[in-house]
Amino acid sequence: MEVFKADNVHEAVTLAKRFRQLGRYDWFRGQNREWELISSFLRLDEPNQDKAIERMRRFMNWLQITPALKHLLQNRDAAFAVAQHYGFPTNYIDFTVDPKVAAFFATDSKSDNDDACILCLSIPDLKAFWKDIPHQDQYPPPDFIDIDVSNLW
């Protein structure tokens, strides 16, 4: 893993854009701290995971009975993307193809952003890495989902 330090968010975005143009990285994720890359659901303790599952069940039922939203159930990933957008913990980890969007999430906080970061991901590199993991057959490979959920507002 390489680490590049930027003096400010503009410099970080410029660097990430350059990496994208060079084909070095495909996806980007902004974090306002350099914390472990783990889903919001897995950050919860077991009692809160149980609550999150029940809350998600109610949300999915609501989609089912709301005619204007029922179409989301045709694509499970879209339904989870909408839920995650509104703060539901999920096992999905958001990335974007736009470094500026990643920069927004890295800096959209009232806390001090000295440790803000933009994670850069190469999908081909991650797929190759996954194939070389010992006992990788015991773990499901990551899914790379490209979703456009329009009109979230």
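Below is a short write-up of the structure. (Residues numbered from 1 in each chain as written. Predicted model: local features only at pLDDT ≥ 70, side-chain atom pairs only at ≥ 80, totals over all residues. Heavy atoms only, no water.)

Before going further, it helps to examine the pairing of strand β1 (residues 27-31). β1 sits mainly inside the fold: five of its five residues count as buried. Taking every second residue as pointing to the same face, both faces of β1 are buried, with W27, R29 and Q31 on one and F28 and G30 on the other. As judged from the five bridges shared by β1 and strand β2 (residues 117-121), these two strands associate in the antiparallel manner. Bridging from a neighbouring strand, R29 pairs with L119 of β2. (Buried < 20%, exposed > 50% of the residue type's maximum accessible area, 1.4 Å probe, protein only. Helix = DSSP H or I, 4+ residues; strand = E, 2+ residues; numbered from the N terminus. Pairing = 2+ DSSP bridges.)

To continue, consider the packing of aromatic side chains. A full pass over the atoms with the stated rule returns eight aromatic pairs. Their ring planes at 55 degrees and their centres at 5.1 Å tell us that F4 and F19 sit as a pair that is tilted. Taken together, the residues span a long stretch of sequence, with F4 in the segment before α1 (9-21) and F19 in helix α1 at a distance of 15 residues. A relative accessible area of 39% places F4 in the partly exposed class. Taking relative accessible area as the criterion, F19 reaches 6% and is therefore assigned buried. Between F80 and Y92 the ring centres are 5.5 Å apart and the planes differ by 20 degrees, which places this aromatic pair in the stacked class. (Phe/Tyr/Trp six-rings, centres within 6.5 Å; stacked < 30°, edge-to-face > 60°.)

Further remarks concern α1. Under the 1.5 Å per step criterion, the end-to-end length of α1 is 18 Å for 13 residues, consistent within 8% with the ideal 18 Å. Structurally, α1 contributes buried residues whose contacts are with β1, α4 (99-107) and β2. Two to three positions downstream of the cap, the backbone nitrogen of H10 sits 3.0 Å from a side-chain oxygen, assigning the N-cap of α1 to N8. G23 lies just past α1 and shows a positive phi near 75 degrees. (Expected span 1.5 Å × (residues − 1). Contact = heavy atoms within 4.5 Å. Polar contact = N/O pair within 3.5 Å; in protein donor to acceptor, adjacent residues only side chain to side chain.)

Tallied over the entire structure, the rule returns four salt bridges. With a closest N to O distance of 3.9 Å, R76 and D77 form a salt bridge. Take D77: its relative accessible area is 17%, and that puts it in the buried class. A single network of salt bridges, built from pairs that share partners, joins E54, R57 and R58. (Salt bridge = Lys/Arg side-chain N within 4 Å of Asp/Glu carboxyl O.)

Judged by side-chain polarity, V101, F104 and F105 come together as a nonpolar surface patch covering roughly 290 Å² of accessible area. Residue position: V101 is located in helix α4. Looking at V101, the relative accessible area reads 34%, which means it is partly exposed. (Patch = residues over 30% accessible without salt bridge, like charges linked within 9 Å, V, L, I, M, F, W, Y side chains within 5 Å. Areas by Shrake-Rupley, 256 points an atom, 1.4 Å probe, with all protein chains shown as cover.)

Another aspect to go through is helix α2 (residues 46-65). Compared with the 28 Å implied by 1.5 Å per residue over 20 residues, the 29 Å span of α2 between its first and last C-alpha is a close match. All of the buried residues along α2 are Q49, A52, M56, F59, M60 and L63. Burial along α2 is one-sided: seen end-on, the buried residues are contained in an arc of 100 degrees. Facing away from the buried side of α2, by more than 90 degrees, are the exposed residues P47, K51 and I65. Those residues of α2 hidden inside the fold are in contact with α3 (76-85). (Arc of directions from axis to C-beta.)

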